[in-house]
Amino acid sequence: VQLVESGGGMVQPGGSLRLSCAASGFTFSSFDMSWVRQAPGKGPEWVSAINTGGGSTYYADSVKGRFTIARDNAKNTLYLQMNSLKPEDTALYYCAAGGDALVGGTLPIEYDYWGQGTQVTVSS
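Thresholds, definitions, all that
- All residue numbers refer to positions counted from 1 along the written sequence of the respective chain.
- Only residues with pLDDT of at least 70 are given local features in this predicted model, and only at 80 or more are side-chain atom pairs given and counted; all residues enter the totals for whole chains, interfaces and linings.
- The basis for every side-chain value is the complete set of heavy atoms in the structure, and neither hydrogens nor water enter the calculation.
- Burial classes: relative accessible area under 20% of the type maximum marks a residue as buried, over 50% as exposed, and values in between as partly exposed (1.4 Å probe, protein chains only).
- Under the DSSP-based scheme used, a helix requires at least four consecutive residues in state H or I and a strand at least two consecutive residues in state E, with every element numbered from the N terminus.
- Strand pairing requires that DSSP identify at least two bridges connecting the strands.
- Take a side-chain nitrogen of Lys or Arg and a carboxyl oxygen of Asp or Glu: if they are within 4 Å of each other, that pair is a salt bridge.
- Note on method: axes are straight lines fitted to C-alpha atoms, helices fitted across the in-contact stretch only, with angles between N-to-C directions ranging 0 to 180 degrees.
- We call a set of buried residues a nonpolar core when its members are Ala, Val, Leu, Ile, Met, Phe, Trp, Tyr or Cys and they connect through side-chain atoms within 4.5 Å of each other.
- Contacts were defined at the residue level, with two residues in contact if any of their heavy atoms lie within 4.5 Å.

Observations regarding the pairing of strand S5 (residues 44-50)
Thinking step 1. Burial within S5 is extensive, with five of its seven residues counted as buried.
Thinking step 2. Alignment of strand S4 (residues 33-38) against S5, held across six bridges, turns out to be antiparallel. Across the sheet, residue Arg37 finds its bridge partner in S5, namely Glu45.
Thinking step 3. Between S4 and the antiparallel strand that follows it, S5, lie five residues; Gly41 among them carries a positive phi value of about 75 degrees.
Thinking step 4. Bridging between S5 and strand S6 (residues 57-59) involves three bridges; their strand directions are antiparallel.

Below, the structure is given as structure tokens:
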């Protein structure tokens, strides 16, 4: 089983990034999915989630209106489009499968599968 995040990097405030999470080794389409982030020196924060079919999406208040979660079950891939990025969005972003995805889980133990993370840095 693997969840491999990509697409992170450094961007200026107001910029955009699209994160991807490629899943393998399990039936991706059967799992709700989440993005969770952890900023330096802070606890983990649940960011967004999407149900198995992609028809229901959920967002933390801190990213609502700026981030969009999506999934392509044919490609076994989860996405997070991040617009209007702010310095406070700087964090390591993880994708996670199953478990407490739709109820805001923030720890690996609350999920079935957890990725290795991709760094997002928002700075001028």
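Some thoughts on the pattern of salt bridges
Thinking step 1. Summed over all chains, the structure comprises four salt bridges.
Thinking step 2. When the shortest N-O distance is used, the salt bridge between Arg37 and Glu45 registers 2.7 Å.
Thinking step 3. On the accessibility criterion, Glu45 (26% relative accessible area) is partly exposed.
Thinking step 4. The salt bridge partner of Asp61 is Lys64, with a shortest N-O separation of 3.2 Å.
Thinking step 5. Given the relative accessible area of 67%, Asp61 is considered exposed.

Re the sheet that holds strand S3 (residues 17-24)
Thinking step 1. With antiparallel pairing, the four strands of this open sheet are ordered in space as S1-S3-S8-S7. Either end of the sheet is taken by a strand with one partner, and the two such strands are strand S1 (2-6) and strand S7 (67-72). In this sheet, neighbouring strand axes are inclined to one another by 15 degrees on average, regardless of whether the strands run parallel or antiparallel.

What about the nonpolar core?
One broad rule of soluble globular proteins: the nonpolar side chains tend to lie buried together.
Thinking step 1. With 35 residues, the main nonpolar core has Trp35, Leu78, Leu80, Met82 and Tyr93 as its most contacted residues.
Thinking step 2. Elements with a contribution of two residues or more to this core: S3, S4, S5, S7, strand S8 (77-82), strand S9 (91-97) and strand S11 (118-122).
Thinking step 3. The element best represented in this core is S9, accounting for five residues.
Thinking step 4. Excluding residues that lie within four positions of it along the chain, Leu78 makes contacts with Leu19, Ser20, Cys21, Phe28, Met33, Ser34, Trp35, Ile50, Ile69, Ala70, Arg71 and Cys95.

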